[in-house]
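The chain contents come next:
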Amino acid sequence: MYSEKLFEHFRNPRNVGEIENPDGVGTVGNPVCGDLMTFMIKVKDDVIEDIKFKTFGCGAAIATSSIATEMAKGKKIEEALKISKKVVADALGGLPPQKMHCSNLASDALRMAITDYLRKTNQIERIKELGLEKELKILEGEETEEHEETSEVEEFLND
Ligand code: FES
C-alpha cells in the first residue's frame with residue numbers, strides 16, 4: 001500500500017523545523033482529519049533557498065511534507081509552484097486514494113507560503129499572474145479572523 005520511499009521519508013523526514021524571520025509562512029489544515037501543516041520559506045533572487053516544515057499529522061502528511069520541501073528547495077518560485085499534489089504523490093511512488101488529501105496539504109502549504117512571500121514583498125500583480133488569488137484571500141482572511149481562532153496555530157508554531 002505504501003512505498004519504501006514513503007516509509008523512508010516518514011522515518012527520516014527532511015527539513016523539519018522552523019526558519020528564523022521567514023520570508024513566507026503558509027499554514028493549512030484539513031478539517032476532516034484535523035491535521036495541520038506549516039511551511040516556512042526563505043527566498044533570495046526569486047529562489048527558495050531554504051524551506052522548513054512542521055506537521056501535526058499522519059505519516060503520509062509527514063512524508064509528503066518532507067518530499068515537497070526537498071523538491072522545492074533551490075527552485076525558482078514559478079518552478080516550485082508546479083509541485084502539485086500529484087507531483088508529490090508520484091515522487092513517493094503513489095498514495096492510496098484515501099490518502100491523496102495528505103499530499104494536497106503539502107502542495108497547498110507550499111503555495112500559501114509562496115503567496116505570503118509575494119504579498120509581503122508587494123508582488124500583488126504576480127500573485128494574480130500565478131493564479132494565487134485564492135491563497136491571497138485566505139491569508140488576508142486569516143488576518144481579520146478573531147484572535148482566538150488563530151491562537152491554536154500560533155501555539156502550534158511556538159511549540
Ligand atoms: S490523514 Fe490528514 S493529512 Fe493525512
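Everything numeric in this text was worked out from a predicted model, so none of it was measured.

What counts and how
- Residues numbered from 1 in each chain as written.
- Predicted model: local features only at pLDDT ≥ 70, side-chain atom pairs only at ≥ 80, totals over all residues.
- Helix = DSSP H or I, 4+ residues; strand = E, 2+ residues; numbered from the N terminus.
- Expected span 1.5 Å × (residues − 1).
- Buried ≥ 20, exposed ≤ 12 C-beta atoms within 10 Å, placed from the backbone.
- Axes fitted to C-alpha atoms, helices over the stretch in contact; angles between N-to-C directions.
- Parallel < 35°, antiparallel > 145°, perpendicular 65-115°, else oblique.
- Left-handed = near helix turned anticlockwise from the far one by under 90°.
- Contact = placed C-beta atoms within 7 Å.
- Nonpolar A, V, L, I, M, F, W, Y, C, P; charged D, E, K, R; others polar.
- Pairing = 2+ DSSP bridges.

K.L.:
How should helix α5 (residues 100-120) be read in this particular structure?
P.N.:
Since the α-helix turns once every 3.6 residues, residues separated by three or four places project in the same direction. With 21 residues, α5 should reach 30 Å at 1.5 Å per residue; the first-to-last C-alpha distance of 30 Å fits that figure. Counted residue by residue, α5 has 17 buried out of 21 residues, so it is predominantly covered.

K.L.:
Would you mind showing me how to read the packing of helix α2 (residues 59-72) against α5 here?
P.N.:
Any two packed helices are characterised by how steeply their axes cross, that is the angle between the axes, and by the distance between the axes. In the contact formed by α2 and α5, the axes pass within 8 Å of each other and the chain directions differ by 40 degrees. As the angle between them shows, α2 and α5 are arranged oblique. With respect to the hand of their crossing, α2 and α5 are arranged in right-handed fashion. Where α2 abuts α5, its residues Ala-60, Ala-61, Thr-64, Ser-65, Ala-68 and Ala-72 lie against Cys-102, Ser-103, Leu-105, Ala-106, Ser-107 and Leu-110. Here the contact of α2 with α5 is composed, by residue class, of 8 nonpolar, 4 polar and no charged.

K.L.:
What am I meant to see in the sheet that holds strand β1 (residues 24-29) here?
P.N.:
Two strands in a sheet stick together by hydrogen bonds in their backbones, pointing the same way (parallel) or opposite ways (antiparallel). Strand order across the open sheet formed by 3 strands is β1-β2-β3, with antiparallel pairing between neighbours. One side of each edge strand has no neighbouring strand; the edge strands of this open sheet are β1 and β3 (47-56). Each neighbouring strand pair of the sheet contributes to a mean axis angle of 15 degrees, computed without reference to strand direction. As defined by bridge partners, β1 adjoins strand β2 (residues 36-44) across 6 bridges and the pair is classed as antiparallel. The residue of β2 that forms the bridge with Thr-27 is Thr-38.

K.L.:
In this structure, what is going on with the environment of Glu-70? I would like to understand it.
P.N.:
Inspection of the secondary structure assignment puts Glu-70 in helix α2. Sequence spacing of Glu-70 and Lys-52 is 18 residues, and the spatial spacing of their C-alpha atoms is 9.3 Å. For Glu-70, the residues in contact, after removing those within four places along its chain, are Arg-14 and Asn-15.

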